[in-house]
Amino acid sequence: MTGAQLVLKVLQQHGIKHVFGYPGGAIMPIYDALYDSEVEHFLCRHEQGAAFSAVGYARSTNSVGVCMATSGPGATNLVTGLGDALLDSIPVVAITGQVFSSLMGTDAFQEMDVLGMSLAVTKHSFVVEDISELASTLHQAFELAQSGRPGPVLVDIPKDIQVGAVDFEPYPIPEKQIPVFEPDLVEQAKALIAAAKKPIFYVGGGVGMADSIEQLNALLDYTQIPAAATLKGLGTIDPSYPHYIGFMGMHGSKATNMAVQECDLLICTGARFDDRVTGKLDTFAPNAKVIHLDIDKAEFGKLRQPDVAIRGDFRELLPALAVKTDIAQWQAKCSALKTEHAWRYDAPGEGIYAPALLNQLSSKLPHDHVVSCDVGQHQMWVAQHMQFTSPRNHLTSGGAGTMGFGLPAAIGAQIARPDTMSVVVSGDGSFMMNVQELGTIKRFRLPIKIVLIDNQRLGMVKQWQELFFEERYSETNLSDNPDFLTLAKAFDIPSKTIHSKFDVEAGIDALINTDGPFLLHVAIDEKENVWPLVAPGKANHEMIEG
Amino acid sequence: MSHTFNIIAKQQPAMLERVLRVVRHRGFNLQSLNVADCTESGNVEIELTVSGVRPIETLQKQLDKLYDIAHLELTSAADAVAIRA
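What comes next is a walk through the structure. Along each chain, residues carry numbers from 1 onward, in the same order as the chain's sequence is written. Chains and ligands are labelled sequentially in the order written, the chains with letters from A and the ligands with numbers from 1. Local features in this predicted model are restricted to residues whose pLDDT is 70 or higher, and side-chain atom pairs enter the listing and the counts only when it is 80 or higher, whereas totals over whole chains, interfaces and linings include all residues. In computing side-chain properties, one takes all heavy atoms of the structure into account and sets aside hydrogens as well as water.

### Remarks on the sheet that holds strand β14 (residues 394-395) of chain A
Residue and element names in this part refer to chain A.
Thinking step 1. Ordered by their spatial adjacency, six strands build an open sheet running β14-β13-β15-β16-β18-β17, and the pairing between neighbours is parallel. Two strands lie at the open edges of the sheet, namely β14 and β17 (495-498), each paired on one side alone.
Thinking step 2. Here the rule is simple: two strands pair whenever DSSP picks up at least two bridges between them. Think of it this way: any DSSP run of H or I at least four residues long counts as a helix, any run of E at least two long counts as a strand, and we number them from the N terminus. Strand direction decides the pairing type here: strand β13 (residues 369-373) and strand β15 (residues 421-427), joined by five bridges, are parallel. Across the sheet, residue His-369 finds its bridge partner in β15, namely Met-421.
Thinking step 3. Should any heavy atoms of two residues lie within 4.5 Å, those residues are considered in contact. Axis definition: a line fitted to C-alpha atoms, limited for helices to the stretch in contact. Angles are taken between N-to-C directions and run from 0 to 180 degrees. Running at roughly 170 degrees to strand β16 (residues 449-454), helix α15 (residues 354-364) makes contact with β15, β16, β17 and β18 (518-523) of the sheet.

Next comes the structure, spelled out in C-alpha cells:
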C-alpha cells in the first residue's frame, strides 16, 4: 500500500472514525486515499476551523480528535487551534502534508518549517524522514497525545513518504502506563485533611480528563468538604452536592472566592493555579496549606509551593484520600456565603439581561446537551449562569482564550455525539472570527443551535477600557456588524432576533424546537458588564461587584 | 545563579531546538552548551549551563517532560566545579 493509505489504516487502528481538515497540494495523496477509506472526513472552511472541530470532538468525548491540513499556510492555520489544545491539555493529533523531502529547505512552493513552527504549540511533533518509520511515528503520536497530561501532537509527512510503497503491519496498542503514587504522601495528605478546620477542594479540568468524576464525587460525599470549580472544572462536581460552592476566579462567584481566601487547606485537584483563578498570587488563599494532586509533576511548585504534592492516576489516588472530617462550622459558613452572594436575575428595564437568558436557556435544554462558547463576556456569563452535568458538556477556551473557538468546537461535538443537542453561545466579536464554519453546518446539515449575544461591541475589552483605561474605547465598537439574520439565511439557517426580555421565552423555544440548525440573535445593551470581577493585580477577596 | 544539566537525548529532528526553546520560554538564559553525538547509540549527550532567577526545579521538570530527553541530571554550579576538580 502507499504511505497515504497506511496513514488511514493507522487512524482506524486507533479507532478514529472522523477527521476534520482541508485539502491542498502537499496532502493530496492522503485525500486521495480518504476517497476510498472508511474514515469519514469533514471538510471545514478554514484549517483553524478543522483544528477547533478536532478540539471540540476530543473535549466532548474525552477521546482524541484528528485534524489535517496541507503544507505552508494550511499548517500555519492549524497553529492557533493546536496552541489552544496545548494550554487546555486536549488530545489532538494533527497531520500535515509537507513538500517532497528533496524540496524541504529550498523555499519550495508552500514549503514552511512546520516542525519548527510546531515546537511552541504542541506537546510533541514529528517529521517523518523515512517511510519505514511512518506507522511507528503515528502510533507514538496517538500514545503521546493521550498519555500523562494530554496534549496536541503534530506529524508532518512529506509527499514522497505519502506516495511511497510500504507494508502494513498490525500494531498492538500498548496498555496505558499508570503512575504509582507513594503511600507515605497519601498518609501525609490524609493527616492534613483530618487536621484542617476549613478545607476546600479546588477542582480543575484534570479530574474529567482523568475519567475520575465518579471518584471525585465519591470522595466529596465521604469527606463532605466544600468544593469549588475552575472554568475547565465546571460540570465535574455533582450539582446536587450540598457543599458545592461554585465557580472560582476572576469572574467567579463572590461566595466561592471568599471561601477559598479563608480556607486553611486547599486541595488542588487537577488544576494549575492559573492567574485567572488566583488573582494576585501571593494573596491567594494566604493562610492555606496546599495539597496538589496532578498527573503532571511540572505543575508542582510552578506557582504555589505545595505542602504535599502527589502525582497519580486520579481513579486510584482520589479514593485513597478518603478521610472523615469534622467541619460543621466551616460547612455552615460556606453555605451562608453561598446564600448571601447568590446570583440575582431581577434586572430592571425591558431589555434582555444576558445572564437571565442563559440561566433560562440552561433550564430548558434537554438533560444531555453540549454548550460550546466563544471568548469574552458571554463566555463568563455561560460559566456563571448555566449548569453542567459533565465537563464534556461545557466546551470553552480556557487557557488560550481563543475567540472563534465556539462554532467549530460545537461542530466537532455535534459530529462526535450526533444524538446530543449542540449549542453555541457566541458574541458578535467572536462569531465573526470563524463565521465561515456556517458553511460546514450547511454542508453536513448539522442541527446546531446558535445563541448570538450581540452588544455591538468587543464587550470584554470594552469593559476593561471602561474600568482601567479611562473609558477610551479604542477599536471596540462593532456597530457596523453585518445583518446576522441575512448571514444565517445565506447558509440555510433559520433565525430570529429578540430585543425584549418578554421575547426571551419564545426565542429559546424557537431555538430548541425548530428542526435543524437555528440562530437566535439576542440584542443586548452594550452597557451590561460581567460582575463580579477581580481587577488585575488585586486579591480575590477584593472583587468589584459593579 | 547558574546551573548545569547533563542530558542524554534521542537524536531526533529539532531535539536541540526544543530544549533551547524550553530554556528561554521558562525564563532562563543559556550560558554554555556542549553537544556530543554518540552515533552508535543514536543518542546525544548535552551539557547545558543556564542562569536565571526562577527556581531551577521548574526548568528541570519542564525539560524532563520532553519526549526526546532520555535522561536528565541537574548538577549545581558548585558541584560542577567540584566534579571538574
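Still to come is the rest of the account.
### Some thoughts on unusual backbone geometry
Residues and elements named next belong to chain A.
Thinking step 1. The peptide bond linking Trp-531 to Pro-532 adopts the cis configuration, its omega dihedral lying at -5 degrees.
Thinking step 2. Look at Glu-475: it is not a glycine, yet its phi comes out positive at around 60 degrees.
Thinking step 3. As for its placement among the helices and strands, Glu-475 is situated in the loop between α20 (459-468) and α21 (484-490).

### Some points on the packing of helix α11 (residues 254-262) of chain A against helix α14 (residues 328-340) of chain A
All names here are of chain A.
Thinking step 1. The N-to-C vectors of α11 and α14 enclose an angle of 150 degrees; their axes lie 8 Å apart at closest approach. In terms of their interaxial angle, α11 and α14 are classed as roughly antiparallel. Here α11 and α14 pass one another in a crossing that is right-handed. On the side of α11, the interface is formed by Ala-255, Met-258, Ala-259 and Glu-262, while α14 contributes Trp-330, Lys-333, Cys-334, Leu-337 and Lys-338. When describing relative orientation, an angle under 35 degrees is termed roughly parallel and one over 145 degrees roughly antiparallel, while 65 to 115 degrees is termed roughly perpendicular and anything else oblique. Should the near helix be turned anticlockwise from the far one by less than a right angle, the crossing is termed left-handed; should it be turned clockwise, right-handed.

### Focus on the environment of Ala-309 of chain A
Thinking step 1. The residue Ala-309 of chain A is located in strand β12 (residues 308-311) in this model.
Thinking step 2. In this structure, Ala-309 of chain A is in contact with Leu-185, His-292 and Phe-300 of chain A, ignoring residues within four places of it in sequence.

### Brief notes about the pairing of strand β11 (residues 289-294) of chain A
Residue and element names in this part refer to chain A.
Thinking step 1. Partly exposed describes any residue whose relative accessible area lies between the buried limit of under 20% and the exposed limit of over 50%, with all areas from a 1.4 Å probe on protein chains only and scaled to the type maximum. Most of β11 sits inside the fold, with five of its six residues counted as buried.
Thinking step 2. One ladder, built from four bridges, connects β11 with β12; its direction is parallel. Of the residues in β12, the one forming a bridge with Ile-291 is Val-308.

### Digging into the interface of chain B and chain A
Thinking step 1. Listed per partner, the contact involves twelve residues of chain B and 17 residues of chain A.
Thinking step 2. By definition, the buried area sums, over both parts, the 1.4 Å-probe accessible area that each loses when the two are put together. With both sides pooled, the region where chain B packs onto chain A buries about 1300 Å², and carbon together with sulfur makes up 58% of that total.
Thinking step 3. Taken as a group, Arg-18, Lys-61 and Tyr-67 of chain B account for 44% of the area that chain B buries against chain A, more than any other trio of residues on that side.
Thinking step 4. Each reported salt bridge corresponds to a side-chain nitrogen of Lys or Arg within 4 Å of a carboxyl oxygen of Asp or Glu. Here chain B and chain A share two salt bridges between them.
Thinking step 5. In protein, a polar contact requires one atom able to donate a hydrogen and another able to accept it; more generally it is a pair of N or O atoms within 3.5 Å, and residues adjacent in sequence count only if both atoms are side-chain atoms. In this structure, the connection of chain B to chain A is made through five residue pairs in polar contact (both at pLDDT 80 or more).
Thinking step 6. Of all the elements in the fold, those that place two or more residues in the side of chain B that touches chain A are α1 (15-25) and α2 (56-64) of chain B.
Thinking step 7. Sort the elements by how many residues they give to the side of chain B that touches chain A and α2 of chain B lands first, with four residues.
Thinking step 8. Lys, Arg, Asp and Glu make up the charged group, whereas Ala, Val, Leu, Ile, Met, Phe, Trp, Tyr, Cys and Pro make up the nonpolar group; the residues left over, Gly among them, are polar. Of the residues belonging to the side of chain B that touches chain A, the class tally is three nonpolar, two polar and seven charged.

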